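Chain by chain, the residues:
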Amino acid sequence: MILLGAVSAAHPKPPKLAPEAVRWTAVSIFEKNSNDDLEDQPRMNLSGAACVPTTPKFTSCLIANDEKKYAQFFSIDGNRLTPRKLIRLSDADNDPDAEGVAYDSGFFYVIGSHGRSRHGDSGNRSSYAIFRIPVDPTTGIPSFEPDEERVVAVVSSSRLRRAIRDGDIIKKFFDRPLAKKGVNIEGIAVRNGRMHLGLRGPSVGGNAFILSVDADAVFTEERDLKSKVTPLALGRNTGIRDLAAVEDGVLILAGPTRDEKVPYAIWFWDGTSATAKPLATLDLSSIGDGAKAEILLPLEEDRANTRVLVMFDGVENGGAVSFKLPR
């Protein structure tokens, strides 16, 4: 099933926002060190994060990188990010190219790109997976001891491959290289039993795409995925770089599909309709060259504003900055 996107001409031009005057720091590096060059270290390739709604807030969060086979728990205290235990996601030959993290109802979810390697256009079957990690919904603490060397209590599924192959419009771009508009998942949000997957590519006719499925069915073979593809008119050469569930819908971090001159922006989507509302264009002039905004993490929200943390692939420890978005 497909919902036809429409250009939201009725929306006023969103404001261009500079980051808040808050200096965010990481207490230590996001693990782990290796003999790799700096550009291949996990702390330089952070790509998705989410937190359990604990009390106090942000005591249990999970962050993933797109270069290794593990994710890492972390916490946030004021303006400090504290990396904690590593958790192994996969024992596959290649890394799962983890691109997004979500939390809902006692589970963290980590999504692979479901696309071909962007470096050399090689196949990577390991990327066609999604992982589910159980944690206590009150404390965010797993009932098992996370292990960085072997997979413990992490369940994986490859069912999303079929949803992509059968999806309206996007099926034509399955298993193509990103340079040829290939499907590449970068964002995930889970809300009200639905798993929403934001596609960096393809961008077709000014539309980016969200693939939505039944969250439980992804890990239950006999259940119908109830797939739906929603095109959203975000702009030419614009893809989805992350998704984040909020109280009344889903925030979209949008940016270039590859290296096009497309500004990073944040949109609001209600989770069902065929249009999204632009909230802000991000002024990232203070961020280093080559930084790619890939993590959108809600911090606070009320009727007037939503405060978010944005982190970057290509900046050490994510280079976190925060923004206050008008709603």
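Located above this text is the structure these notes cover.
We now turn to the structure provided with this report. (Residues numbered from 1 in each chain as written. Predicted model: local features only at pLDDT ≥ 70, side-chain atom pairs only at ≥ 80, totals over all residues. Heavy atoms only, no water.)

Right, let's get into the pattern of salt bridges. Across all of its chains, the model carries 14 salt bridges by this definition. Close ionic contact of Glu221 with Arg159 constitutes a salt bridge, the shortest N to O distance being 3.9 Å. Of the two residues, Glu221 is situated in the loop between β13 (207-214) and β14 (228-233) and Arg159 in the loop between β10 (155-157) and α1 (160-166); the sequence distance between them amounts to 62 residues. One salt bridge connects Glu186 with Arg241, and the closest N-O pair in it is separated by 4.0 Å. Here Glu186, found in strand β11 (residues 184-191), pairs with Arg241, found in strand β15 (residues 238-246); they are 55 residues apart in sequence, far enough to count as distant. Of the two residues, Glu186 and Arg241, neither departs from the other in class, the shared state being buried. Shared partners join several salt bridges into a network, and the residues in it are Glu186, Arg200, Arg241 and Glu294. (Salt bridge = Lys/Arg side-chain N within 4 Å of Asp/Glu carboxyl O. Helix = DSSP H or I, 4+ residues; strand = E, 2+ residues; numbered from the N terminus. Buried < 20%, exposed > 50% of the residue type's maximum accessible area, 1.4 Å probe, protein only.)

Glancing now at the packing of aromatic side chains. Enumeration over the complete set of coordinates arrives at six aromatic pairs. Judged by centre distance (5.9 Å) and plane angle (80°), the rings of Phe30 and Phe74 are edge-to-face. Taken as a pair, Phe30 in the loop between β2 (25-26) and β3 (46-51) and Phe74 in strand β5 (residues 70-77) lie far apart in primary sequence, 44 residues in all. Aromatic side chains Phe73 and Phe108 sit 6.1 Å apart centroid to centroid with 70° between the ring planes, which places their arrangement in the edge-to-face category. Of the two residues, Phe73 is situated in strand β5 and Phe108 in strand β8 (residues 107-112); the sequence distance between them amounts to 35 residues. Given the relative accessible area of 8%, Phe73 is considered buried. Phe108 sits in the buried class, given a relative accessible area of 0%. Sitting over the face of the ring of Phe219, Arg132 holds its NZ or CZ atom 4.5 Å from the ring centroid. (Phe/Tyr/Trp six-rings, centres within 6.5 Å; stacked < 30°, edge-to-face > 60°. Lys NZ or Arg CZ within 6 Å of the ring centre and 35° of its normal.)

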